[in-house]
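If you want the building blocks of each chain, they are given just below.
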Amino acid sequence: VSVMIREFGSKTEVLEDVFLNERPEVSVVIKKIGGKKIIVMGDVKTPGVLKFTAPITIAEAISLAGDFTRYAVRNNVVVIRGDIRNKPEIIFADLIKLYKEGDLSQNIILQPQDIIFVPRTFVGNVSDFIYLIAPILDTVYRSQVIGTMT
C-alpha cells in the first residue's frame, strides 16, 4: 500500500485500515523554514542573526550576541523595524536607563525581522584609528630620528 501525503501541517487525517510492509519509508520535504529571526549588528561581541521561538527583548538579544564591546554606545541603541527600503520604523533604546535606573520601557520587545544596531563611541573610532596608524607613525618617526642623527 502506498500513501502520499501532500500537505503536512495543521490538518490531521486519520487513515484507517492501512497496512504497511515491514520497513516503511517516509519522506518529508520541507518547503519553507519558518521561525523568528533578528539581526544584531554594531558594537556587540558576536554580531549576527539570532533565531528565537519565544518573545525576546532587546536586552536578551544583546546578551545573546555576547554583550556590548568596550566602546559601544549603550544609551542610543537603534532598532530598525519594518521594510528597510520603505520608511522603516526607527526606535531608540537607552539601555543605561534600563540597567542603572530599572526603566523597563527601554527593554523593547523585539519582533521578527527587527535589526538592532549598537553604535560606536567617538573614542572607540579614535582608538581604532590610532591603532591602525600607529605603526605608520612609528616608522615615520624612526626615520626622522635616524635622519637627524646623521
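In this text, all values refer to a predicted model and were calculated from it rather than measured experimentally.

Draft legend 1. Geometry of the overall build of the protein chain. Secondary structure assignment for the protein chain yields three helices and five strands. Start at the N end of the protein chain and walk to the C end: the helices and strands fall as β-β-α-β-β-α-β-α. Each of the 150 residues in the protein chain was classed as buried or not, and the buried ones make up 25%. Residue pairs in contact within the protein chain that sit at least 24 positions apart in sequence constitute 53% of those at least 6 positions apart. Accessible area for the protein chain stands at about 12,200 Å²; split by element, carbon and sulfur atoms hold 58% of it.

Draft legend 2. Main features of the side chain of Q106. With respect to the element layout, Q106 can be found in the loop between α2 (95-101) and β5 (115-118). One polar contact links the side chain of Q106 to the main-chain amide nitrogen of D94, over a distance of 2.7 Å. Discounting residues that sit within four places of it in the chain, Q106 has contacts with I58, F92, A93, D94, L95, K97 and L98.

Draft legend 3. Layout of the side chain of D114. Topologically, D114 is positioned in the loop between α2 and β5. The contacts of D114, once residues within four sequence positions are left out, are K37, I38, I39, V79, I80 and R81.

Draft legend 4. View of unusual backbone geometry. Here the phi dihedral of D67 falls at roughly 80°; this positive angle occurs in a residue that is not glycine. One can find D67 in the loop between α1 (58-64) and β3 (77-81). Judged by its relative accessible area of 38%, D67 is partly exposed. At K87, a position not held by glycine, the phi torsion is positive, near 50°. Checked against the element boundaries, K87 lands in the loop between β3 and β4 (89-93). Accessibility expressed as a relative area gives 79% for K87, which makes it exposed.

Draft legend 5. Structural detail: the pairing of strand β1 (residues 36-42). Sheet topology note: the β1/strand β2 (residues 48-52) ladder contains five bridges and is antiparallel. Bridge assignment links I38 to a residue of β2, and that residue is L50. With antiparallel pairing between neighbouring strands as the criterion, β1 and β2 make up a hairpin whose turn holds five residues. Relative to β5, β1 runs parallel, the two being bridged by four bridges. Bridging from a neighbouring strand, M41 pairs with F117 of β5.

Draft legend 6. View of the confidence of the model for the protein chain. Mean pLDDT over the protein chain stands at 77; residues scoring 70 or higher make up 62%. Confidence, expressed as mean pLDDT per element, reaches its minimum in the protein chain at helix α3 (residues 122-149) with 65 and its maximum at α1 with 97. Here residues 1-18 scores under 50 on pLDDT; set against residues more than four positions off or in separate chains, the count is four contacts.

Parameters and conventions
Residues numbered from 1 in each chain as written. Predicted model: local features only at pLDDT ≥ 70, side-chain atom pairs only at ≥ 80, totals over all residues. Heavy atoms only, no water. Helix = DSSP H or I, 4+ residues; strand = E, 2+ residues; numbered from the N terminus. Buried < 20%, exposed > 50% of the residue type's maximum accessible area, 1.4 Å probe, protein only. Contact = heavy atoms within 4.5 Å. Areas by Shrake-Rupley, 256 points an atom, 1.4 Å probe, with all protein chains shown as cover. Polar contact = N/O pair within 3.5 Å; in protein donor to acceptor, adjacent residues only side chain to side chain. Pairing = 2+ DSSP bridges. pLDDT = per-residue confidence, 0-100.

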